[in-house]
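A closer look at the structure
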Amino acid sequence: MEVSRHWRLQKQRYQLVGETCDNCGVKLFPPRDVCLECEAPAYELFTFAGTGEVYSFTTVYDAPAGFEGMAPYMMAMVKLDEGPIVTAQLTDVWPGDVEIGTRVEMVTRKLRTDGDEGMIVYGYKFRPMLEAIA
Amino acid sequence: MNENDPIMRPDRPVGIVGYGAYVPRYRIAAESISQMWTMGAGGTPVKEKSVNSLDEDVATMSIEAARNAMNRAQIDPQELRAVWVGSESHPYAVKPTSTIVAEAIGAVPNTQAADWEFACKAGTEAMQAAIGLVGSGMGKYALAIGMDTAQGRPGDALEYTAAAGGAAILIGPAAESAVIINGSYSFVTDTPDFWRREHAMYPSHGDRFTGEPAYFKHVLGAAEVMMEAMNMTAADYDWAVFHQPNVKFPSRAGQMLGFSAEQMKPGLLAGVIGNTYSGSSIIGLTGILDVAQPGDRILMVSYGSGAGSDAFDLSVTDKIDDIRNRAPGVQQYIARRKEIDYATYTRYRGKIKMS
């Protein structure tokens, strides 16, 4: 496992840190330094609130290498409230818990582990919103 | 400062400016464990216990509790000078859990970070250190977490209760606090009631030795010194919470000290979540803070095998009403339960050997 690559991605994986475009205000996730709308440079960091809704979802039974231990699990395209769509695992969900439009929030979970002795990689997943009693 | 006073009181008044609980979604009924190993014979020490998901460990659970505490306090994470995680199930043997939590809540790099261990009282131990750090003026805020994904040997008495969960307690200046810390006290001896050796998967314990000479001696010892020093009787407190390895021990300890079932009710969660080890007494405290009123007085006593108890005398301020609803209460986490069977539990807890 490439330890340095995972370390470089920590900010976006732990806190949903993306970027915002100075020129047109569009929010970008993951950070890519160039605005997808107006092609202007976009370097300013922006931390997403971590809330959004399920745009689409599916269940993975035949998982890629490194994720077999989690299968079956649900993947979703989540439309963040600030605009971008992010692809991520859903967690703490069972069939029937999720439909298109379900409100979800970001949580930090284990993404994968490198065997019994390697590093543990943490990052964002989404789960149905657990509202504070407002 | 009176040098003979066993009660620890900081130079500067400090309190709790934020708190956050976390309980995983899954539950296994004690009855399922009993069916598996004893054909359902005999009673069970709790109704059910919480079980962490496949993708949860002490780091991820601490992060969620910490975020709840930070949301309640609404302070800048860059003002934290300590992020301390007490646990007996840290994901790594070597590599701090606390740096992962500090990174995730945006507290790095200008902060202390360390992992604490003292069986079930590592969380309150971190709290006392945080009181010292803030109370001495070394830092404005310090975050103390007690969290566990406790290990229970299949078929052992502890398998019924060894659970997952805990809480984060954010210590800061008294003037900003929802709870004032009037004092704390530690009572420790070398008592071999429960341990886990290096590289061992499951803990060992001294069976009935875990009761009188261990739990009761330390919990009652700590509570009695604290109550006497504060000139308080059980009736003077509104609420009390004790370390809860099951429902019976804390209920009996409270009763022996003169507390009513009503005083212990909001903090006594073991019956529905099990024993969350390092998180056990402080998650109970969050249950009390979720319902406490300004002016209420609280006694909290933890217990850690090996052995020792930390006692805290606390007073709730009117700021509790401002912060309470800024994050989910512990009962909301308890209510999102999903029951799993013994087979699923063995998978989630990594008890199935794949190779």
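Residues numbered from 1 in each chain as written. Chains lettered and ligands numbered in written order. Predicted model: local features only at pLDDT ≥ 70, side-chain atom pairs only at ≥ 80, totals over all residues. Heavy atoms only, no water.

1. Comments concerning the packing of aromatic side chains
Here is the rule: Only Phe, Tyr and Trp rings are paired, with Trp represented by its six-membered ring, and only when their centres lie within 6.5 Å; those with planes under 30 degrees apart are stacked, over 60 edge-to-face, the remainder tilted. Classification of residues uses two cut-offs on accessible area relative to the type maximum, computed with a 1.4 Å probe and protein chains only: under 20% is buried, over 50% is exposed, and between them is partly exposed. Secondary structure counts use DSSP, requiring at least four H or I residues in a row for a helix and at least two E residues in a row for a strand, with both numbered from the N terminus.
All chains considered together, the criterion is met by 17 aromatic pairs over all chains. Summarising the aromatic geometry, the rings of tyrosine 124 of chain A and phenylalanine 126 of chain A are spaced 6.4 Å apart at their centres and angled 65 degrees between planes, so their arrangement reads as edge-to-face. Like phenylalanine 126 of chain A, tyrosine 124 of chain A is buried. Judged by centre distance (6.3 Å) and plane angle (80 degrees), the ring pair of tryptophan 37 of chain B and tyrosine 342 of chain B falls under edge-to-face. Of this pair, tryptophan 37 of chain B sits in helix H1 (residues 30–38) while tyrosine 342 of chain B sits in helix H12 (residues 342–348), placing them 305 residues apart in sequence.

2. Side note on the domain arrangement of chain B
Residues and elements named next belong to chain B. This is how the line gets drawn: All the domain ranges listed were derived from an automatic or database domain assignment. Here, two residues are considered to be in contact whenever any of their heavy atoms come within 4.5 Å of each other. The buried area of a pairing is the accessible area, by a 1.4 Å probe, that goes missing from both parts when the two are put together, added over both. A pairing counts as a salt bridge when a side-chain nitrogen of Lys or Arg comes within 4 Å of a carboxyl oxygen of Asp or Glu.
Domain boundaries in chain B define domain 1 (14–178 + 323–337) and domain 2 (180–318). One C-alpha centre belongs to domain 1, the other to domain 2; they are set 16 Å apart. Counting residues at the interface gives 58 residues for domain 1, matched by 53 residues for domain 2. Interface area for domain 1 against domain 2, summed over the two sides, is near 4000 Å², with a carbon-plus-sulfur share of 62%. Put simply, domain 1 and domain 2 have two salt bridges between them. With a closest N to O distance of 3.0 Å, aspartate 310 and lysine 121 form a salt bridge.

3. Details of the nonpolar core
Residue and element names in this part refer to chain B. Using the following cut-off: Residues enter a nonpolar core if they are buried and are Ala, Val, Leu, Ile, Met, Phe, Trp, Tyr or Cys, with the set joined through side-chain atoms within 4.5 Å.
Core analysis: the biggest nonpolar cluster contains 74 residues, and Leu80, Leu143, Leu170, Ile171 and Leu285 have the highest contact counts within it. For leucine 170, the residues in contact, after removing those within four places along its chain, are Gly15, Ile16, Val17, Gly18, Ala69, Met70, Ala73, Ile75, Leu80, Tyr141, Ala142 and Leu143. Judged by nonpolar contacts, the second largest core, of 27 residues, contains Phe216, Ala222, Phe249 and Val301.

4. Some words on the interface of chain A and chain B
Buried accessible area, meaning the area lost when the parts come together, often serves as the stated size of an interface. This is how the line gets drawn: Any N or O atom pair separated by 3.5 Å or less is treated as a polar contact, with the protein-specific requirement of one donor-capable and one acceptor-capable atom, and with residues adjacent in sequence counted only for side-chain atom pairs. For this classification, Asp, Glu, Lys and Arg are treated as charged, while Ala, Val, Leu, Ile, Met, Phe, Trp, Tyr, Cys and Pro are nonpolar and the rest, including Gly, are polar.
With 26 residues of chain A at the contact, the number on the chain B side is 31 residues. For the pairing of chain A and chain B, the buried interface totals around 2400 Å² over both sides, and the portion due to carbon and sulfur atoms is 49%. Counting across the interface, chain A meets chain B through seven salt bridges. Arginine 109 of chain A is the salt-bridge partner of aspartate 55 of chain B, the closest N and O atoms lying 2.9 Å from each other. Scanning the region where chain A abuts chain B turns up 19 residue pairs in polar contact (both at pLDDT 80 or more). Looking at the side of chain A that touches chain B, the elements that each hand over two or more residues are helix H2 (10–15), strand S7 (103–113) and strand S8 (120–128) of chain A. When residues in the side of chain A that touches chain B are grouped by element, the largest group, five residues, is from S7 of chain A. Each residue belonging to the side of chain A that touches chain B can be placed in one class, and the counts come to 13 nonpolar, five polar and eight charged.

5. Brief notes about the pairing of S7 of chain A
Residues and elements named next belong to chain A. Keep this limit in mind: Should DSSP find at least two bridges between two strands, the strands are regarded as paired.
Counted residue by residue, S7 has eight buried out of eleven residues, so it is predominantly covered. With nine bridges connecting them, S7 and S8 associate as antiparallel partners. When the bridges of S8 are listed, valine 107 appears paired with lysine 125. In textbook terms, the turn of a hairpin is the stretch between consecutive antiparallel strands, and for S7 and S8 this stretch comprises six residues, one of which, glycine 115, has a positive phi near 65 degrees.

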